[in-house]
Amino acid sequence: MKNIGEIKAEIASAALEEYAGLYEKYGADERSGVKKLLEQCRKKEAALKKEMQRTKEMKKFEYQYEHLGYLCGIDEVGRGPLAGPVVACAVILPKDCDILYLNDSKQLTPKKREELYEVIMKKAVSVGLGMAGPARIDEINILQATYEAMREAIGRLSVVPQLLLNDAVTIPEITIPQVPIIKGDAKSVSIAAASIVAKVTRDRMMEEYDIVMPEYGFASNKGYGSAAHIDAIKKYGPSPIHRTTFIKNFV
């Protein structure tokens, strides 16, 4: 008879489809520790099934258009901050994508975003990144800079998609058919994946800037206009990565 530790390890390594066998195998075991482990297993199974159903619902647009070929999700991060670039990402996921927990990056913890970033980069058919820096944002405005970053992200894909699934916007100067989806990062796994990669990429950049310019707190505020960040601008003046058009009321 296996001890509790061995059973715990067996359950921990089991796939969802193996849970039924575990219940049959250990269901008659009267040890309280085993009963507790099986109860935890049932809760985990229920949570996984719920997440699988949520993910399936987030593939509505992918199912609708999969007959067209490669579908590309597009999203951006960094339109609102006072400093740093706007970063856009284009992601093509495989048709049989089995990644769970994809969601609007703002709904995920930093740790979960980092975990999903690694999974997306490993499993995606292709990932393209584009960005526009503060000077470009000041030159052509944030909306046009965002479009430019999105076009760059699409251009960096290793394969050409047949359809773009965009978070809310229609990108000018693009010949590929587009489907703008309001709050798409919470409704499409492809857009959610792009949201996560864009967010992690930009956050890492802002953390690097923080090492060079620690007085602005970029590691914590990511360039957004927190009270401490605005106070730092007033005290130290703008940094080379601040957007002049965004901080004119503070300088």
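To be clear, the structure that these remarks concern was listed above.
Now for a quick tour of the structure.

Quick notes on the rules
Residues numbered from 1 in each chain as written. Predicted model: local features only at pLDDT ≥ 70, side-chain atom pairs only at ≥ 80, totals over all residues. Heavy atoms only, no water. Helix = DSSP H or I, 4+ residues; strand = E, 2+ residues; numbered from the N terminus. Rg over C-alpha atoms; globule rule 2.2 N^0.38 Å. Buried < 20%, exposed > 50% of the residue type's maximum accessible area, 1.4 Å probe, protein only. Contact = heavy atoms within 4.5 Å. Pairing = 2+ DSSP bridges. Axes fitted to C-alpha atoms, helices over the stretch in contact; angles between N-to-C directions. Left-handed = near helix turned anticlockwise from the far one by under 90°. Nonpolar A, V, L, I, M, F, W, Y, C, P; charged D, E, K, R; others polar. Phe/Tyr/Trp six-rings, centres within 6.5 Å; stacked < 30°, edge-to-face > 60°. Polar contact = N/O pair within 3.5 Å; in protein donor to acceptor, adjacent residues only side chain to side chain. Parallel < 35°, antiparallel > 145°, perpendicular 65-115°, else oblique.

**Details of the overall build of the protein chain**
Tallying secondary structure elements over the protein chain gives 10 helices and five strands in all. Computed over the C-alpha atoms, the radius of gyration of the protein chain is 23 Å, more than 25% above the 18 Å expected from 2.2 N^0.38 for a compact globule of 251 residues. Seen through its C-alpha atoms, the protein chain measures out along the principal axes to roughly 70 × 50 × 25 Å. Within the protein chain, buried positions represent 47% of all 251 residues.

**Remarks on the side chain of Thr-146**
Take Thr-146: it is sitting in helix H7 (residues 142-155). According to the relative accessible area criterion, Thr-146 is buried, its value standing at 2%. What Thr-146 contacts, discounting residues up to four positions off in sequence, is Glu-76, Arg-79 and Val-86.

**Considering the pairing of strand E3 (residues 126-132)**
Of the two faces of E3, only one is covered, namely that formed by Ser-126, Gly-128, Gly-130 and Ala-132; the face formed by Val-127, Leu-129 and Met-131 stays uncovered. In this structure, strand E2 (residues 86-92) lies alongside E3, joined through seven bridges in antiparallel fashion. Bridge assignment links Ala-90 to a residue of E3, and that residue is Gly-128.

**Side note on the packing of helix H5 (residues 110-123) against helix H8 (residues 189-212)**
Following both chains from N to C, one finds H5 and H8 inclined at 115°, their axes separated by 9 Å at the closest point. Relative to H8, H5 is oriented so that their crossing is left-handed. For the pair H5 and H8, contact is made by Arg-113, Glu-114, Leu-116, Tyr-117, Glu-118, Ile-120 and Met-121 and by Ala-193, Ile-196, Val-197, Lys-199, Val-200, Thr-201, Asp-203 and Arg-204, respectively. Split by residue class, the contact of H5 with H8 holds eight nonpolar, one polar and six charged.

**Let's talk about the environment of Tyr-19**
As for its placement among the helices and strands, Tyr-19 is situated in helix H2 (residues 19-26). Judged by relative accessible area, Tyr-19 falls into the buried class, the value being 1%. Note: C-alpha distance between Tyr-19 and Glu-45 (26 residues apart in sequence) is 7.6 Å. Setting aside chain neighbours within four positions, we find Tyr-19 in contact with Ala-14, Cys-41, Lys-44, Glu-45 and Leu-48.

**A word on the packing of aromatic side chains**
For the structure shown, the criterion picks out two aromatic pairs. An angle of 15° between the planes, with centres 5.4 Å apart, marks the rings of Tyr-216 and Phe-218 as stacked. This pair shows no difference in class: Tyr-216 is buried, exactly as Phe-218 is. For the ring pair Tyr-216 and Tyr-236, a centre distance of 6.3 Å and an interplane angle of 70° mean the geometry is edge-to-face.

**A closer look at the side chain of Ser-190**
Here Ser-190 lies in helix H8. Within the local environment of Ser-190, its side chain forms a polar contact with the side chain of Glu-62, the two groups lying 2.7 Å apart. Contacts of Ser-190, omitting those with residues within four sequence positions, involve Glu-62, Gly-73, Val-91, Leu-93 and Leu-165.

**Some details on the pairing of strand E4 (residues 163-167)**
Judged by how many residues are buried, E4 sits mostly within the fold: five of five residues are covered. Burial along E4 is two-sided: the residues Leu-163, Leu-165 and Asp-167 and Leu-164 and Asn-166 are all buried. With four bridges joining them, strand E1 (residues 71-77) and E4 adopt parallel strand pairing. Opposite Gly-73, over in E4, you have Leu-165 as the bridge partner. Pairing between E4 and strand E5 (residues 178-181): four bridges, direction parallel. Bridge pairing in E5 places Leu-165 opposite Val-179.

**Description of the packing of helix H1 (residues 4-13) against H2**
In contact at an axis separation of 10 Å, H1 and H2 are set at 160° when each is read in the N-to-C sense. Classified by the interaxial angle, the pair formed by H1 and H2 is roughly antiparallel. Judged by the sense of rotation from one axis to the other, the crossing of H1 with H2 is left-handed. For the pair H1 and H2, the contacting residues are Ile-7, Glu-10 and Ile-11 in the first and Leu-22, Lys-25 and Tyr-26 in the second. For the contact of H1 with H2, the class distribution of residues is four nonpolar, no polar and two charged.

By themselves these figures say nothing about function.
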